Amino acid sequence: MATSEFTTPRPTTGKVRAHQTQNEGLVFEKSSPGKRAYKLPPLDVPEVDPAALLGDAHRESTGLLPELSEIEIIRHFTRLSTWNYAIDLGMYPLGSCTMKYNPRVNEFVARIEGLAEAHPYRPESLSQGILEIFDLLQRCLLDITGMDAITLQPAAGAHGEFTGILLTRAWHESQGNARKKILIPDSAHGTNPATAAIVGYAVENLKSNSDGGIDLEALARQVDGETAALMLTNPSTLGVFESQIHKIADILHAKGALLYMDGANMNALVGKVRPGDFGVDVMHLNLHKTFSTPHGGGGPGSGPVACKAFLEPFLPIPVLVRGDKGDKGAQPCPDAGDWEDTNAEPTADGCPPLFRAPILKPDGERVGDTEPLSLHPFGGPLRWEYDRPQSVGRVRAFYGNTGMFIRALAYILANGPDGLRQTTEDAVLNANYIRNKLEDIYELPYKTASMHEVVFSDKRQAARGVKTGDIAKRLIDYGFHPYTVSFPLIVHGALMIEPTESESREELDLFVAAMRSIAREVEENPELVKTAPHSTRVSRLDEVQAARKPILRWHPESK
């Protein structure tokens, strides 16, 4: 690789390791006629004429396919795999994405043969095991959120938003007025206004106050008889918790509007507070964020929607219910001697307990506990209920992404209530540790207490011509995935950082050292940062050209 004044080796945090091959051709470019990676044994059945069998569908040739040896193929794809960044390699400081580690026990459980191969068309009578998993996950999520009913169908967070606003619209229509608009704060996720528009609502922006929260006076002025809901992210994309959330809910409910909560940032709340307790009517969760199921690759994600009881009739079909049709009776629990933990305190109905969440005052004092869930509800078999005339209909094939449900439940049960609460506390601690270590050199536009993430701006660095995107690209040279760039939009030149609870202090210190080193480089040699990255196989791209005129396929004539 050619060097320049900007690619002179410089001290880094020790995470960058250059690969011996700094480029990799396509398999087509590596191809040579006659090479093979396989050899088939002699045909031991009568030969057939494919043209006679396939007719017009028969191809005279296989087309232009690459020809390589086995070791060339293995090395090619192995080298490519080493170029990917992954949570298994290092920290993802992407704000608002909650890119936490996915524990291997989740993967092990999801691959258990009877679960991984559960066919969606299998009769209910033969599916009770997998249905019990769905039911248990639903009850855990309801206990965590403080809501009354839930659907697991939505396949992602934005899909969950869509489903939640469908429920909102259906309920308003049942009241005789679908209403016309949705209020959305300027600190919201970008999918919120898109969701509202897709469902047919006009979008009205709500300005944040100087603390980064909802301006109550502005909210009171904007809520009227045509307001269907406020779509609120709490904590917000600034990492700020809405301390007046009860008043926000009261303002909305007084005018007949609903409070929808974008639950993407629940990693800051689980085990500490429950949205259902502070006035939320409907919300979605991101299993691929808060509950450690995998991100990326276009899916599969999972965005369950939980709601209060008055919205339950509108949930997507089918809904999972217990007991034979018309049978609401419960069966007795087993004797205490049959419980795995014979010392466990029983629930109110005498069943073995599973999950108990604390009730905390705002100052953190524990004043009680929620009623625990029972591991064995014993109310008859589980079944799908389709006869729901007010339902918004199906929003996903079958019942959603089953593998994600299994992984999320494994995570919840492995941690338990105390572990989930500790996870939340660690996530908030890590974000505030980074804030404390960097706020002297990066501008902090909102001084309000941070929750799970912290948002800086590039104001000080921009004075020397270096923007947030430049800093993010230089961070790649230090072996870290970039943070979230230029979001939220209400912070000009935003650097949005969310470490999650996954990261140790040692990893956080490496990240902090990299960010401080980059800040020094901005002062001493800004061009070094403006032309980064320098240690990657591909240098800085023309992002405008790549977006407007992407080259997505290889043409033989370019070989």
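Above this text sits the structure in question.
In this report, we go over the structure that sits alongside the text. (Residues numbered from 1 in each chain as written. Predicted model: local features only at pLDDT ≥ 70, side-chain atom pairs only at ≥ 80, totals over all residues. Heavy atoms only, no water.)

So, on to unusual backbone geometry. With an omega dihedral of 5 degrees, the bond running from F487 to P488 counts as a cis peptide bond. Tracing the backbone through its elements, the reader meets P488 in the loop between β13 (484–485) and β14 (494–497). For the bond from A532 to P533, the omega torsion is 5 degrees, close enough to zero to count as cis. Looking at where P533 falls in the secondary structure, it is placed in the loop between α15 (526–530) and α16 (543–548). (Helix = DSSP H or I, 4+ residues; strand = E, 2+ residues; numbered from the N terminus.)

Strand order in the open sheet made by the seven strands is β1-β7-β6-β5-β4-β2-β3, with mixed pairing throughout. The strands lining the two open edges of the sheet, one partner per strand, are β1 (149–151) and β3 (202–206). Averaged over all adjacent pairs, the angle separating strand axes in this sheet is 20 degrees, with direction ignored. Note: strand β4 (residues 227–233) against strand β5 (residues 258–263), five bridges, orientation parallel. Bridge pairing in β5 links L232 to M261. Across the face of the sheet, helix α7 (residues 157–174) comes into contact with β1, β2 (181–185), β4, β5, β6 (282–285) and β7 (305–307) while running at roughly 170 degrees to β5. Contacting β4 and β5, helix α10 (residues 245–254) crosses the sheet at an angle of about 135 degrees to β5. (Pairing = 2+ DSSP bridges. Axes fitted to C-alpha atoms, helices over the stretch in contact; angles between N-to-C directions. Contact = heavy atoms within 4.5 Å.)

The next thing to look at is the pattern of salt bridges. A full pass over the atoms with the stated rule returns 30 salt bridges. Put simply, E443 and R460 hold a salt bridge, and the shortest N to O gap is 3.1 Å. Remark: R460 occurs in helix α12 (residues 459–462) and E443 occurs in the loop between α11 (402–438) and β12 (454–457); sequence separation between them is 17 residues. The exposure class of E443 is partly exposed, given its relative accessible area of 21%. (Salt bridge = Lys/Arg side-chain N within 4 Å of Asp/Glu carboxyl O. Buried < 20%, exposed > 50% of the residue type's maximum accessible area, 1.4 Å probe, protein only.)

Take the side chain of H288 next. On the secondary structure map, H288 appears in the loop between β6 and β7. Owing to a relative accessible area of 11%, H288 belongs among the buried residues under this scheme. Setting aside residues no more than four positions away along its own chain, H288 makes contact with T98, A156, G157, T293, P294, H295, G301 and S302.

All chains considered together, the criterion is met by twelve aromatic pairs. Between F134 and F405, the ring centres sit 5.4 Å apart and the planes meet at 90 degrees, which makes this aromatic pair edge-to-face. Of this pair, F134 sits in helix α6 (residues 128–145) while F405 sits in helix α11; the two residues are 271 residues apart in sequence, bridging distant segments of the chain. A relative accessible area of 5% means that F134 is categorised as buried. For F405, a relative accessible area of 0% gives the class buried. Aromatic side chains Y399 and F405 sit 6.4 Å apart centroid to centroid with 70 degrees between the ring planes, which places their arrangement in the edge-to-face category. (Phe/Tyr/Trp six-rings, centres within 6.5 Å; stacked < 30°, edge-to-face > 60°.)

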